[in-house]
Amino acid sequence: LGFFGHVGYGEQMFPARQTPTTKIMLLLADAHAQVRRQLLARLKREPDFDLAGVAVDSFQTLQEAVAKQPDLLLIDPIMRDGLGLATLRQLRTDIPEMIVVVLTAIVDTTLKMQLEEMGITHILVKGILSAELLSELRIAAGTLPRLRGG
């Protein structure tokens, strides 16, 4: 698959972090089992992330988000049921304070515009190195300052 093939990349370059006092409660929503496995394996090694749940489709994403009220939703809105964008619209209404980070295989202009209309600006492409993804999640959650423009 190649996605997240560099798990652990850059770990030698960064000093060990102290255990944070506040964890980022994250809900993971992705229809692809391989992607979920790889993301979960990486996130479980991070002391500042607390996994609120895992969703495999739009219905489960709505159900888990409403029940768990996570700080951050990491989602691929291209769900097999075709309702990923509708789910995001509903969640933006129901839980407007929840931070949404999109991680998807292809970001075309139409998708980017739809996401930005919902106020979603954290849009990443699958294949991103794990260290960069974790950094972007922390930036989105407000626990790490943005080091470069964007």
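Everything below is about the structure printed above this text.
Residues numbered from 1 in each chain as written. Predicted model: local features only at pLDDT ≥ 70, side-chain atom pairs only at ≥ 80, totals over all residues. Heavy atoms only, no water.

**Remarks on the overall build of the protein**
And step 1. If you tally the helices and strands in the protein, you get 5 helices and 5 strands.
And step 2. Secondary structure elements of the protein occur, N-terminal to C-terminal, as β-α-β-α-β-α-β-α-β-α.
And step 3. Across the 150 residues that make up the protein, the buried fraction comes to 43%.
And step 4. Once local pairs closer than 6 in sequence are excluded, the contacts in the protein between residues at least 24 apart make up 70%. (Helix = DSSP H or I, 4+ residues; strand = E, 2+ residues; numbered from the N terminus. Buried < 20%, exposed > 50% of the residue type's maximum accessible area, 1.4 Å probe, protein only. Contact = heavy atoms within 4.5 Å.)

**Some points on the pairing of strand E4 (residues 99-104)**
And step 1. Burial of E4 is extensive: 5 of the 6 residues sit out of reach of the surface.
And step 2. Where strand E3 (residues 72-75) lies against E4, 4 bridges are found, and the strand directions are parallel. Bridged to Leu73 within E4 is Val100.
And step 3. The handedness of the E3 to E4 crossover, carried by helix H3 (residues 84-94), is right-handed.
And step 4. Note: E4 against strand E5 (residues 122-125), 4 bridges, orientation parallel. The residue bridging Thr104 from the neighbouring strand is Val125, located in E5.
And step 5. The β-α-β motif built from E4, the intervening helix H4 (residues 109-117) and the parallel element E5 has right-handed crossover chirality. (Pairing = 2+ DSSP bridges. Right-handed = clockwise from strand over helix to strand, strands pointing away.)

**Quick notes on helix H1 (residues 33-43)**
And step 1. For H1, the set of buried residues is Val35, Arg36, Gln38, Leu39, Leu40, Arg42 and Leu43.
And step 2. Elements that come into contact with the buried residues of H1 comprise strand E1 (24-29), strand E2 (49-55), E3, E4 and helix H5 (130-141).

**What about the environment of Ile123?**
And step 1. Within the secondary structure layout, Ile123 lies in strand E5.
And step 2. Dropping the residues within four chain positions of it, Ile123 is found in contact with Val102, Val107, Lys112 and Leu115.

**Points about the nonpolar core**
And step 1. Ranked by size, the top nonpolar core spans 19 residues in total, and within it Leu73, Ile75, Leu88, Val100, Val102 and Leu115 carry the most contacts.
And step 2. Among the secondary structure elements, those contributing two or more residues to this core are E1, E3, H3, E4 and H4.
And step 3. At 3 residues, the largest contribution of residues to this core is made by H3.
And step 4. If near-sequence neighbours (up to four positions away) are discounted, Ile75 is found in contact with Ala29, Thr61, Leu88, Val100, Val101, Val102 and Leu103.
And step 5. Counting 18 residues, the second-largest nonpolar core is a separate cluster that includes Ile24, Leu28, Leu72 and Leu137. (Core = buried A, V, L, I, M, F, W, Y, C linked by side-chain atoms within 4.5 Å.)

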